[in-house]
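# Analysis of the macromolecular model
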Protein chains: 2
Amino acid sequence: MKARIRITLKNGVLDPQGKAIQNALSALGITGVDDVRQGKYIEVQLANTSEEQARETVERMCRDLLANSVIENYAYELAP
Amino acid sequence: MKARIRITLKNGVLDPQGKAIQNALSALGITGVDDVRQGKYIEVQLANTSEEQARETVERMCRDLLANSVIENYAYELAP
């Protein structure tokens, strides 16, 4: 089972990487961009487990290691 | 319109960040993890445009700035 995890900064947390991308896009002449936020994307291949077990493992990963819950949110999808 | 862009390393490209996460997970006692790959996740808020125009803008962003097409793939979804 594969988990696709997205980790994003919470609203209100400054995102200098996103701002740098936004400036670079504008320097390239790409217009119409109101806001850019950069986050992390992590794909985890889990050994054969039930969906419920996989969900539990992924929640634990995110809470304990991947996301800093003070400034980051996480979301994930499971796929077979 | 909002674009959610995922940038991942191509298969076969070494991913030391992913390996570090995998080792850290195992050190935390989280088992059953076969593989971890880290990528980037970028949310772009586009000024009001048609879906077709937005798709074109996002393709251009990914090709010209966000993804290194030698070693990375990109995928994205558009949401209103």
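Residues numbered from 1 in each chain as written. Chains lettered and ligands numbered in written order. Predicted model: local features only at pLDDT ≥ 70, side-chain atom pairs only at ≥ 80, totals over all residues. Heavy atoms only, no water.

### Regarding the overall build of chain A
Rules: Under the DSSP-based scheme used, a helix requires at least four consecutive residues in state H or I and a strand at least two consecutive residues in state E, with every element numbered from the N terminus. C-alpha atoms define the radius of gyration, and 2.2 Å times the number of residues to the power 0.38 defines the globule rule. Each residue is placed in one exposure class: buried if its accessible area under a 1.4 Å probe, protein chains only, is under 20% of its type's maximum, exposed if it is over 50%, and partly exposed if it falls in between. Throughout, a residue-residue contact means that at least one pair of heavy atoms, one from each residue, lies within 4.5 Å. The Shrake-Rupley method, run with a 1.4 Å probe sphere, supplies the accessible areas, and residue values consider only the shown protein chains as cover. Residues counted as positive are Lys and Arg, residues counted as negative are Asp and Glu, and His and the chain ends are not counted. Every charge is mapped onto a representative atom, which is NZ of Lys, CZ of Arg, CG of Asp or CD of Glu.
Within chain A, the regular secondary structure consists of two helices and three strands. Helices (α) and strands (β) of chain A occur, in sequence order from the N terminus, as β-α-β-α-β. Relative to its length of 80 residues, chain A is extended, with a C-alpha radius of gyration of 16 Å against a globular reference of 12 Å. Taken along its principal axes, the extent of the C-alpha atoms in chain A is 50 × 25 × 15 Å. Counting the 80 residues in chain A, one finds 42% classified as buried. Partitioning the contacts of chain A with sequence separation of at least 6, the portion at a separation of at least 24 is 70%. Element-wise, carbon and sulfur atoms account for 47% of the exposed surface of chain A, whose accessible area totals about 4,500 Å². Positive and negative charge centroids in chain A, built from 10 and 11 side chains respectively, lie 2 Å apart.

### Remarks on the relation of the copies chain B and chain A
Rules: All copies are superposed by least squares; the fitting set is the C-alpha atoms of residues with a pLDDT of at least 70 in both.
Superposing chain B onto chain A takes a rotation of 180 degrees combined with a translation of 0.0 Å along the rotation axis, leaving an RMSD of 0.0 Å. As the rotation angle and translation indicate, the two copies are arranged about a two-fold axis. When the interface residues of chain B are mapped onto chain A, 100% of them again fall at the interface, so both copies present the same face.

### Quick word on the packing of helix α1 (residues 16-27) of chain A against helix α2 (residues 51-66) of chain B
Axis angle and axis distance: for two packed helices, these are the angle between their axes and the distance between the axes, and together they describe the pair. Rules: To get an axis, a line is fitted to the C-alpha atoms, and for a helix only the part in contact is used. The angle between two axes follows their N-to-C directions and goes from 0 to 180 degrees. Reported orientations rely on four angle classes, namely roughly parallel under 35 degrees, roughly antiparallel over 145, roughly perpendicular from 65 to 115, and oblique for the rest.
The N-to-C vectors of α1 of chain A and α2 of chain B enclose an angle of 100 degrees; their axes lie 11 Å apart at closest approach. It follows that α1 of chain A is roughly perpendicular to α2 of chain B by the angle criterion. Residues I21, A24 and L25 of chain A of α1 of chain A form the contact with α2 of chain B, whose own contacting residues are M61, L65 and L66 of chain B.

### Looking at the environment of L28 of chain B
Along the polypeptide, L28 of chain B turns up in the loop between α1 (16-27) and β2 (33-46). The residues contacting L28 of chain B, other than those within four sequence positions of it, are R60, D64 and L65 of chain A.

### What about the interface of chain B and chain A?
This is how the line gets drawn: Summed over both partners, buried area is the accessible surface (1.4 Å probe) that two parts give up on being assembled. Salt bridges are defined as contacts in which a side-chain nitrogen from Lys or Arg sits within 4 Å of a carboxyl oxygen from Asp or Glu. Two N or O atoms count as a polar contact when they lie within 3.5 Å, although within protein this holds only if one can serve as hydrogen donor and the other as acceptor, and sequence-adjacent residues are included solely when both atoms are side-chain atoms.
The partner chain A presents 32 residues to the 32 residues of chain B that form the contact. In total, about 2,700 Å² of surface goes out of reach between chain B and chain A, with carbon and sulfur atoms giving 66% of it. Three residues stand out in chain B for area buried against chain A, namely I30, Y41 and L65 of chain B, and they jointly supply 20% of the buried area on that side. Our count for the chain B to chain A interface comes out at zero salt bridges. Our enumeration of links across chain B and chain A arrives at twelve residue pairs in polar contact (both at pLDDT 80 or more).

### Here's the deal with the pairing of β2 of chain B
Note the cut-off: When DSSP locates at least two bridges between a pair of strands, those strands are taken to pair.
In terms of burial, β2 of chain B is a largely internal element, ten of the 14 residues being buried. Direction of pairing for strand β2 (residues 33-46) of chain A relative to β2 of chain B: antiparallel, over a ladder of 13 bridges. The partner of G39 of chain A across the bridge, within β2 of chain B, is Y41 of chain B. Note that strand β1 (residues 2-9) of chain B and β2 of chain B share six bridges and pair antiparallel. For R4 of chain B, the partnering residue across the bridge sits in β2 of chain B and is E43 of chain B.

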